[in-house]
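# Residue-level structural notes
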Amino acid sequence: EMAISTDTALGILQLHADASASRDLDGSLVSSQFDFGDGTSGSGLIQDHVYASPGTYTVKLTLGDNKGGVTSLSQLILVQDTMPPQLHLQSPLARAVISTLQIPIEGSANERLSEAQAQLDGEAAQALEISQDGLSFSQKLPTLRTGLRTLTVRIKDRAGNASVQTVSFTVDAN
């Protein structure tokens, strides 16, 4: 018997595998080995393991008894990236005063992006240029209006997880 529980609270899959209820009907268990399907393994009836990257993995438990008998159990698990990227907006800063009708938008993320968009005052979203390494974005958005403005920046990573940041600033191009 093998019980597997998972925790994805931080976007990292932590696996808890428990085979402590396993019994040998005609002797005793003398070995237990978990293969986590990602090139790592552990011995013992209870194991905790963290997967470094998303994917489908087969967790295999192999038990050996005192008479040379061996049996294996396998369970397929799916590890998904559920953590949104961290959005760091460098420009414009909240409450800043911008003295041009070209609003500079610059920012970065902690992982490669598939999409970056900016929306000014609820108008149609515009794509932002993503750097070649996929970790930063920039663009200058033209505006014809001065005064208090609200900018919403939305980014997505390659797994489709999104982050959003909204800032308000003033355009004073006199």
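Quick summary incoming for the structure in this document. Remember, predicted model here, so these are calculated numbers, not experimental data.

Helices and strands together make up the secondary structure of the chain, namely zero helices and 16 strands. Radius of gyration (C-alpha) of the chain: 26 Å, far over the 16 Å computed for a compact globule of 174 residues. Projected onto its principal axes, the C-alpha positions of the chain cover 90 × 25 × 20 Å. Each of the 174 residues in the chain was classed as buried or not, and the buried ones make up 31%.

Two faces make up the sheet, and in a regular strand the side chains alternate between them. In terms of strand pairing, strand β3 (residues 29-35) meets strand β6 (residues 55-65) through six bridges, oriented antiparallel. Paired with Ser32 across the two strands is Leu63, which belongs to β6. Remark: five residues form the turn of the hairpin made by β3 and strand β4 (residues 41-43), two consecutive strands paired antiparallel; Gly37 in that turn has positive phi of roughly 80°.

Let's shift gears to the packing of aromatic side chains. One pass over the full model with this rule turns up two aromatic pairs. Geometrically, the ring pair formed by Phe34 and Phe36 is stacked, given 6.1 Å between the ring centres and 5° between the ring planes. The buried category is assigned to Phe34, whose relative accessible area is 0%. Residue classification places Phe36 among the buried residues on the basis of a relative accessible area of 2%.

Here is what the cut-offs are and how they apply
Residues numbered from 1 in each chain as written. Predicted model: local features only at pLDDT ≥ 70, side-chain atom pairs only at ≥ 80, totals over all residues. Heavy atoms only, no water. Helix = DSSP H or I, 4+ residues; strand = E, 2+ residues; numbered from the N terminus. Rg over C-alpha atoms; globule rule 2.2 N^0.38 Å. Buried < 20%, exposed > 50% of the residue type's maximum accessible area, 1.4 Å probe, protein only. Pairing = 2+ DSSP bridges. Phe/Tyr/Trp six-rings, centres within 6.5 Å; stacked < 30°, edge-to-face > 60°.

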